[in-house]
Amino acid sequence: MKRLLSIELQKIWMNKASRILTLTYFILLSFIALIAAIKFDIGPFKFHLAEMGIFNFPFIWHFNTYVAAWLKFFLAIVIVSMMANEYSYGTLKQNLIDGLSKKEFILSKFLTVTLFAFGSTVFVFIMSLILGLSFSSYTEFSIIFSDLDYLLAFFVKLTGFFSFCLFLGILVKRSAFALGFLLVWSIMEGIIRGTLAFKIFPDSDTDEMITQFLPLEAMSNLIVNPGPRLSVVKNIGTQMGISTDVDYSVSYSAILIVLVWTVVFISSSYKLLKNRDL
């Protein structure tokens with residue numbers, strides 16, 4: 001496994017575009033810390049994000065994983081490009097000639113996907129811990145390490161999403177088309193959600209019960225928008241008569257659904273490669 005992973009990392013690092021995108025991704029992750037510097041006054045109104053409690057434990061685990069998840073598209077480009085380059089440069093065929101089986105080839109890609117997800121999770125954990133210890137009003141050990149299941153959800157979300165990108169890269173063979181397909185799929189899920197919510201089941205939550213099984217929707221359900229949890233947002237919502245009573249906990253049913261989709265994407269990738277004439 002170490003050999004397979006080493007081969008893939010060398011391919012990524014030797015490709016200038018992939019190297020730059022990977023470094024850019026982790027640099028942008030670190031920019032979450034700059035949110036603490038956002039501060040401005042408009043007359044009597046003072047806006048300072050750090051003082052609003054976004055870096056308080058345990059809320060910071062929710063907030064940072066939610067924000068960091070939006071940056072996953074940088075690594076998505078790396079993953080689909082990684083697969084497209086295998087076809088463009090003929091390295092896939094050469095690897096198979098050199099004795100690498102198709103099963104080992106897919107395993108090497110999945111290990112890379114998992115490493116990206118794990119590395120991102122560790123990075124967010126360390127960064128959140130530093131920010132929390134610097135700005136949080138609560139530094140008790142039990143509070144600091146509560147709600148860490150958001151990190152598990154973040155890892156599962158990235159693993160599932162990157163596995164989907166890997167599958168699209170193998171299916172389409174061209175990075176631009178694979179990313180286009182990803183966009184089309186996202187739009188299709190949006191249309192399905194809208195149709196079920198407003199046309200078929202307008203007076204019930206049946207649409208949510210159905211759409212929770214869609215891959216991108218399931219990934220989205222892992223970490224919901226943490227904004228309404230902030231006290232200032234709750235107060236505004238209360239004054240406007242808007243309910244902010246939402247379940248923000250990590251859904252373990254969503255984790256299971258995403259894990260199942262991950263298995264489907266990886267096994268489908270292997271079957272595509274196995275049956276394809278290279």
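Refer to the preceding data block for the structure.
The shown structure was predicted, so the numbers you read here are calculated from the model rather than taken from an experiment.

*Asks:* Any chance you could explain the overall build of the chain here in plain terms?
*Replies:* Within the chain one finds 13 helices and two strands. A total of 278 residues make up the chain; the buried ones form 41% of that total. When contacts within the chain are restricted to residue pairs at least 6 apart in sequence, long-range pairs at least 24 apart make up 80% of them. Here the chain displays about 14800 Å² of accessible surface, and carbon together with sulfur accounts for 67% of that area.

*Asks:* Teacher, can you tell me more about helix 13 (residues 252-275) here?
*Replies:* Residues lying three or four places apart along an α-helix face the same way, a consequence of the helix completing one turn every 3.6 residues. Taking 1.5 Å per residue as the helical rise, helix 13 with its 24 residues ought to reach 34 Å, and the 35 Å between its terminal C-alpha atoms agrees with that figure. Where helix 13 is concerned, the buried positions are Ala254, Ile255, Ile257, Val258, Thr262, Phe265, Ile266, Ser269 and Leu273.

*Asks:* Please explain unusual backbone geometry as it appears in this structure.
*Replies:* The omega angle of the peptide bond from phenylalanine 57 to proline 58 is -5 degrees, so this bond is cis rather than trans. Mapping proline 58 onto the fold places it in the loop between strand 2 (45-48) and helix 3 (59-69). Of note in the backbone geometry, aspartate 147 takes a positive phi value of approximately 65 degrees without being a glycine. The class for aspartate 147 is partly exposed, based on a relative accessible area of 30%.

*Asks:* Explain the nonpolar core to me, please; I cannot follow it from the model alone.
*Replies:* A general trend in soluble globular proteins is that nonpolar side chains are found buried together. Ile79, Phe154, Phe161, Phe162 and Leu222 are the most contacted members of the largest nonpolar core, which totals 67 residues. The leading source of residues in this core is helix 8 (residues 149-172), at 14 residues. Apart from residues no more than four positions distant in its own chain, leucine 222 is found in contact with Ala153, Val156, Lys157, Val250, Ser251, Ala254, Ile255 and Val258.

*Asks:* Help me understand the packing of helix 3 against helix 8 in this model?
*Replies:* Helix-helix packing: each pair is described by the crossing angle between the helix axes and the interaxial distance. Interaxial distance between helix 3 and helix 8 falls to 9 Å at its minimum, and their mutual angle equals 15 degrees. Classified by the angle between their axes, helix 3 and helix 8 sit roughly parallel to one another. You can see that helix 3 and helix 8 cross each other, and the crossing is right-handed. Two secondary-structure elements touch here, helix 3 through Trp61, His62, Thr65, Ala68 and Ala69 and helix 8 through Tyr150, Leu151, Phe154 and Lys157. When the residues that make up the contact of helix 3 with helix 8 are grouped by side-chain class, the tally is six nonpolar, two polar and one charged.

The rules we used
- Residues numbered from 1 in each chain as written.
- Predicted model: local features only at pLDDT ≥ 70, side-chain atom pairs only at ≥ 80, totals over all residues.
- Heavy atoms only, no water.
- Helix = DSSP H or I, 4+ residues; strand = E, 2+ residues; numbered from the N terminus.
- Buried < 20%, exposed > 50% of the residue type's maximum accessible area, 1.4 Å probe, protein only.
- Contact = heavy atoms within 4.5 Å.
- Areas by Shrake-Rupley, 256 points an atom, 1.4 Å probe, with all protein chains shown as cover.
- Expected span 1.5 Å × (residues − 1).
- Core = buried A, V, L, I, M, F, W, Y, C linked by side-chain atoms within 4.5 Å.
- Axes fitted to C-alpha atoms, helices over the stretch in contact; angles between N-to-C directions.
- Parallel < 35°, antiparallel > 145°, perpendicular 65-115°, else oblique.
- Left-handed = near helix turned anticlockwise from the far one by under 90°.
- Nonpolar A, V, L, I, M, F, W, Y, C, P; charged D, E, K, R; others polar.

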